Amino acid sequence: MAKGIIIDKSKSKEEIYRIILPQLRALMENENDLIANMANMAAVLKMSFDFFWVGFYLVKNETLILGPFQGPIACTRIPMGKGVCGQAWEQKKNIIAPDVSLFPGHIACSSDTKSEIVVPKIIEHRVIFILDIDSDILNFFDEIDSHYLPKLIALI
Ligand code: SME
């Protein structure tokens, strides 16, 4: 039985990342199943920051396919280069959309999403999956998220 994660929402964004990072490491060090770890990471991120949507898309047959997530239903398939997710996959780098309405080609799964960050997991120059987080707050994501989220998905 996994131990609970301790979350203090009164802390700053950076402090919350610092608090959840070692706890996620402990949670995942004895579990090597990709889907199980993605599911728990999505849950911890959703609970920690009250994000509107947190989830993973896995690269399968040259398409991004929806994986474990927390939040409302989402589109199931995203081609390379399409939307924030497909562009992060194609460019192999983090992408922040401070205002999704201004992001060329943004795929709107919900009109409640105002800003978004996508972080790819790269192994031997190939993107294996991407982490996608949607906030209902404009301009929510910054260099703190870009710094800590790759450290989190490195645990999976
Ligand atoms: N907005 C994303 C699509 C996925 S949903 O946000 C869950 C995009 O533009 O790629």
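Look a little higher up for the structure.
Since this is a predicted model, take the numbers as computed values, not measurements.

(A) Spatial organisation of the sheet that holds strand β1 (residues 53-60). One open sheet accounts for 6 strands, arranged β3-β2-β1-β6-β5-β4; its pairing is antiparallel. Strands with a single pairing partner mark the edges of an open sheet, and in this sheet they are β3 (77-78) and β4 (95-97). Of the pairings in the sheet, the one linking strand β5 (residues 115-123) to strand β6 (residues 126-135) comprises 9 bridges and is antiparallel in character. When the bridges of β6 are listed, I123 appears paired with R126. Sheet strands in contact with helix α2 (residues 34-49) are β1, β2 (63-70) and β6, and its direction is about 155 degrees off that of β1.

(B) Fine view of helix α1 (residues 13-28). Its 16 residues give α1 an end-to-end C-alpha distance of 22 Å, which sits within 8% of 22 Å, the value for a rise of 1.5 Å per residue. Among all positions of α1, only K13, I16, Y17, I20, L21, Q23, L24, L27 and M28 are buried. Looking at the packing, one finds that the buried side of α1 touches α2 and α4 (143-153).

(C) Here's a closer look at the site of the ligand. The environment of the ligand is made up of 13 residues, and the closest members are V84, C85, I107, E116 and D134. At 2.9 Å, a backbone N or O of C85 approaches an oxygen atom of the ligand. Within the side chain of D132, one N or O atom sits 3.3 Å away from an oxygen atom of the ligand. Against a free-state accessible area of 310 Å², the protein chains account for coverage of 99% of the ligand.

(D) Here's a closer look at the environment of V54. Relative to the elements of secondary structure, V54 occurs in strand β1. Separated by 95 residues in sequence, V54 and L149 place their C-alpha atoms 12 Å apart. Ignoring any residue separated from it by four or fewer positions in sequence, one finds V54 in contact with A42, L45, K46, F69, Q70, L131, D132 and I133.

(E) Fine view of the state of the cysteines. Evaluation of the coordinates by the stated rule reveals 0 disulfides. Here C85 stays unpaired: no disulfide links it, and the sulfur of C75, its closest cysteine neighbor, is 7.1 Å away.

(F) Unusual backbone geometry, seen in detail. In the Ramachandran plot, N61 falls in the positive-phi region, its phi being about 50 degrees despite a non-glycine side chain. Position of N61 relative to the elements: it lies in the loop between β1 and β2. With phi around 50 degrees, E124 is a residue other than glycine that occupies positive phi space. The class for E124 is exposed, based on a relative accessible area of 71%.

Cut-offs applied
Residues numbered from 1 in each chain as written. Predicted model: local features only at pLDDT ≥ 70, side-chain atom pairs only at ≥ 80, totals over all residues. Heavy atoms only, no water. Pairing = 2+ DSSP bridges. Helix = DSSP H or I, 4+ residues; strand = E, 2+ residues; numbered from the N terminus. Contact = heavy atoms within 4.5 Å. Axes fitted to C-alpha atoms, helices over the stretch in contact; angles between N-to-C directions. Expected span 1.5 Å × (residues − 1). Buried < 20%, exposed > 50% of the residue type's maximum accessible area, 1.4 Å probe, protein only. Near = heavy atom within 4 Å. Polar contact = N/O pair within 3.5 Å; in protein donor to acceptor, adjacent residues only side chain to side chain. Areas by Shrake-Rupley, 256 points an atom, 1.4 Å probe, with all protein chains shown as cover. Disulfide = S-S within 2.5 Å.

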